[in-house]
Structures are given as C-alpha cells and as structure tokens.
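One-letter residues, chain by chain:
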Amino acid sequence: MALVMEHVGREEMQQVAIEEWMAASPIYSLRMQRALGFGGDGVDTICKNLQLDIGAPHEFMDFRFRIDDERHGEFWLAHCGALMDVEPMGEHFVHGMCHTIEDPTFDATAAATNPLAAIRPIHRPPRVPAGRTPHCRWRIDIVADGAAVTAHMHQAVVERSLAATAHLEIPDGTADEDGLADYSGAFDPDFRLEGLSHRALVIALQEVALQSHLLLRALLLSVDRRLGPDVVASLTPRLVAGWAGLTAQRLSDAFDLTANPDGLATMLALHPMLAPRA
C-alpha cells in the first residue's frame, strides 16, 4: 500500500486494499476448506477460515473466538500487530484500516462460507480510552433475512487464474502421525498450526503461500484498472523484492542459515515466495 500511495491518496489506497482482499479471500477460504477437510455454512466454519487466513497470522494477530451456536459467535483481538504498526501514523489511518477496509473485507471473507453472514463491531479502534484491550471485538451473525454479500467484480478474474485453480502436491503421510490429520472435527478456539500432523501442516502451509500469490494477483488487477499496466510493471518487482528480502532475513535468523553451508539451498526450499512447488 505504501507503493500504491506513491500514485494515489490515502482514501483511494484504502479502496485498493478493499478490492485486493474482496477478490482473493473468498477464493482461498474455500480452497483451505477443501484442503483441510472442513466445510458447512455455519459460524464455526467462518472462524476456522479466520484461523487459517494469511491476514490473521498467529502471534502477530492474537485472535480469540467464542461460538454461541451455529449462527452466532464472536471474535476479538487480544493483540493486533497491525494496529500497533498503524497507530503511530494517526487516527485517519487507524479509522481507514479498522473501519473503511475491515467492514467490507470481513464480510467478503465470511461470505465464502455463507453469503448471509454479517461481521459487525462491538468495539474497535481508534481506542477509547487509549490503550484499550482487547484491541477490538466483533460479532458474527448469520442473518436469515439479511442482504447477501455481493462478490467483487475482480473475484471472477482471480478465480480463473492459474494460482486459484492449482492442484497442490499432497505429501505422503501415515495414520500414526502425531497431530490432526485435518480440521474436520469440532472448532478449536485455541487452534494453532503446530497442532496439525506433519502432512496436514505441509498442506496448510502450501495453501497459505498460495494465499499471498492470490492477494498479489488481486492487488495488481486493482492497480491496473486505476493506474495502468506501466505502474503495475514498475510496482511488482519492488513489492516482491521487499517481501522476499524481509522473509529471507527472518528465515535466516530462525534457522541460522548463515552458518549452514547449504543455507542458500535451504532458503530457496523454504521461501514462501517460491511456494507452492506445484
């Protein structure tokens, strides 16, 4: 979004962000459901998708959940790293993220499971009083007589992409692997990726990597429509170089790759910008 703001103002940047998420998240939400064997049209499925969404990375975004029944529930952020990043930028940016962007994009993500789902705030930033916790709290309600969410026009274009239709390699696994073989069981409010079996974890991480590519595809469609192909051509390598470099540094630190003679090869094997291999 910083690179988008080289060409447009804050308000139009927010619309680009909305289009990016609305066009991609319904697609990858359904992919993750198929990949990990869960589904249905209830609040529990919506919450499972939020737990497996690249937009809600564990530790950086500490989502907590409560399911009341099949049609009603809540989630709240005990900690929101995105808010910590944006608060120093001022109230306009906080309102833009926590109101302007989140209102349509939360609903679009939920609509993949049930188009009559509505995600509405109980409270959210700007924080009053200052330092309020949890950082925000939201209700999820499936409203029988509510208005169905309308898909963004770019969603159909993203759905036809090679990324959206990719069949991922399913690793071999054994019945005695530790951890969950999928997420077909009951919703677990304390779910973490570490709770999956090795095979299921590999599947989930391939899908998470693909989510990033789908979001990039949707972002570039929005930029192209507003600013044209020349801006897309100049923006894309700068975006990818930034993500790739930061991610490479994190991987190097996490796995001490500089001390490993095969560190570069390991880096390339692990890097999500080069995943999924299929």
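In this text the structure is predicted, and so the values were computed from the model without any measurement.

Sorry if this is basic, but what is going on with the overall build of the protein chain here?
From N to C terminus, the protein chain includes 8 helices and 4 strands. Secondary structure elements of the protein chain occur, N-terminal to C-terminal, as α-α-β-β-α-α-β-β-α-α-α-α. For 278 residues, the compact-globule formula gives about 19 Å, and the C-alpha radius of gyration of the protein chain, at 19 Å, lands near that figure. For the C-alpha atoms alone, the extent of the protein chain along its principal axes is close to 55 × 50 × 40 Å. Partitioning the contacts of the protein chain with sequence separation of at least 6, the portion at a separation of at least 24 is 65%. A total accessible area of about 14000 Å² is found for the protein chain, and carbon and sulfur atoms account for 57% of it. Of the side chains in the protein chain, 22 bear a positive and 38 a negative charge, and the two mean positions are spaced by 4 Å.

Looking at this model, I keep getting lost on the packing of aromatic side chains. Mind explaining?
Any aromatic ring pair is given by two values, namely how distant the centres are and how the planes are angled relative to each other. Under the definition given, this model contains 9 aromatic pairs. By the ring-pair criterion, three or more aromatic residues cluster together here, those being Phe-63, Phe-65, Phe-75, Phe-106, Trp-138 and Phe-187. A cation over a ring is seen here: Arg-137 above Trp-76, with NZ or CZ 4.1 Å from the ring centre.

For this particular structure, what's the right way to read unusual backbone geometry?
In terms of backbone geometry, most residues other than glycine have negative phi values and most peptide bonds are trans. Cis geometry is found at the peptide bond from Val-128 to Pro-129, where omega equals 0°. If you trace the backbone, Pro-129 turns up in the loop between strand S3 (117–123) and strand S4 (136–142). Notably, Glu-59 is not glycine yet its phi reads approximately 80°, a positive angle. Among the structural elements, Glu-59 can be located in the loop between helix H2 (43–51) and strand S1 (61–69). Exposure remark for Glu-59: the relative accessible area of 65% places this residue in the exposed category. Here the phi dihedral of Asp-256 falls at roughly 50°; this positive angle occurs in a residue that is not glycine. Mapping Asp-256 onto the fold places it in the loop between helix H7 (229–255) and helix H8 (263–270).

Before we go on, may I ask you to explain H7 in this structure?
For H7, spanning 27 residues, the distance from its first C-alpha to its last is 38 Å, which sits close to the expected 39 Å at 1.5 Å a residue. The largest bend in H7 amounts to roughly 25° and is located at Leu-235, with the proline Pro-237 lying one to four residues further along. Turning to H7, its buried residues are Val-231, Val-232, Leu-235, Leu-239, Leu-251 and Ser-252. At its buried positions, H7 is contacted by helix H6 (198–227) and H8.

Teacher, can you tell me more about the packing of H6 against H7 here?
The relative placement of two packed helices is expressed as an angle between their axes plus a distance between the axes. Here H6 crosses H7 at 150°, and the two axes come no closer than 9 Å. Relative to H7, the element H6 is oriented roughly antiparallel. Here H6 and H7 pass one another in a crossing that is right-handed. Contact residues: H6 offers Leu-216, Leu-219, Leu-220, Val-223, Asp-224 and Leu-227, while H7 offers Pro-229, Val-231, Val-232, Leu-235, Thr-236, Leu-239, Val-240 and Trp-243. The residue inventory of the contact of H6 with H7, partitioned by class, reads 12 nonpolar, 1 polar and 1 charged.

Help me understand the pattern of salt bridges, please; the structure alone is not making it clear to me.
Two side chains that carry opposite charge are able to pair once their charged atoms sit near each other. Scanning all chains against the criterion turns up 19 salt bridges. A salt bridge links Asp-68 to Arg-139; the shortest N-O distance between them is 3.6 Å. Note that Asp-68 is positioned in strand S1 and Arg-139 in strand S4, a separation of 71 residues in sequence. For Arg-139, a relative accessible area of 23% corresponds to the partly exposed category. Among the salt bridges present, the one from Arg-127 reaches Glu-87, with a minimum N-O distance of 2.9 Å. Residue Arg-127 is found in the loop between S3 and S4, and its partner Glu-87 is found in the loop between helix H3 (81–86) and helix H4 (91–111); the two are separated by 40 residues along the sequence. A residue is classified by how much of its surface remains accessible, and Arg-127, at 17% relative accessible area, is buried. Classification of Glu-87 as partly exposed rests on a relative accessible area of 29%.

Would you mind showing me how to read the sheet that holds S3 here?
Adjacent strands of a sheet form backbone hydrogen bonds with each other and so pair up, either parallel or antiparallel. What the 4 strands build is an open sheet, ordered S1-S2-S4-S3; its pairing is antiparallel. Of all strands in the sheet, those with a lone pairing partner are S1 and S3, marking the two edges. Taking the axes of each pair of neighbouring strands and ignoring which way they run, one obtains an average angle of 20° across the sheet. With 6 bridges connecting them, strand S2 (residues 72–80) and S4 associate as antiparallel partners. Note that in S4 the partner of Phe-75 across the bridge is Trp-138. Contacting S1, S2, S3 and S4, H2 runs over the sheet at an angle of about 170° to S1. Strands S2, S3 and S4 of the sheet are contacted by H4, whose axis makes an angle of about 145° with S3.

Reading the values: the criteria
Residues numbered from 1 in each chain as written. Predicted model: local features only at pLDDT ≥ 70, side-chain atom pairs only at ≥ 80, totals over all residues. Heavy atoms only, no water. Helix = DSSP H or I, 4+ residues; strand = E, 2+ residues; numbered from the N terminus. Rg over C-alpha atoms; globule rule 2.2 N^0.38 Å. Contact = heavy atoms within 4.5 Å. Areas by Shrake-Rupley, 256 points an atom, 1.4 Å probe, with all protein chains shown as cover. Lys, Arg positive; Asp, Glu negative; His and termini not counted. Charge placed at Lys NZ, Arg CZ, Asp CG, Glu CD. Phe/Tyr/Trp six-rings, centres within 6.5 Å; stacked < 30°, edge-to-face > 60°. Lys NZ or Arg CZ within 6 Å of the ring centre and 35° of its normal. Buried < 20%, exposed > 50% of the residue type's maximum accessible area, 1.4 Å probe, protein only. Expected span 1.5 Å × (residues − 1). Bend = angle between axes of the 7 residues up to and from the residue. Axes fitted to C-alpha atoms, helices over the stretch in contact; angles between N-to-C directions. Parallel < 35°, antiparallel > 145°, perpendicular 65-115°, else oblique. Left-handed = near helix turned anticlockwise from the far one by under 90°. Nonpolar A, V, L, I, M, F, W, Y, C, P; charged D, E, K, R; others polar. Salt bridge = Lys/Arg side-chain N within 4 Å of Asp/Glu carboxyl O. Pairing = 2+ DSSP bridges.

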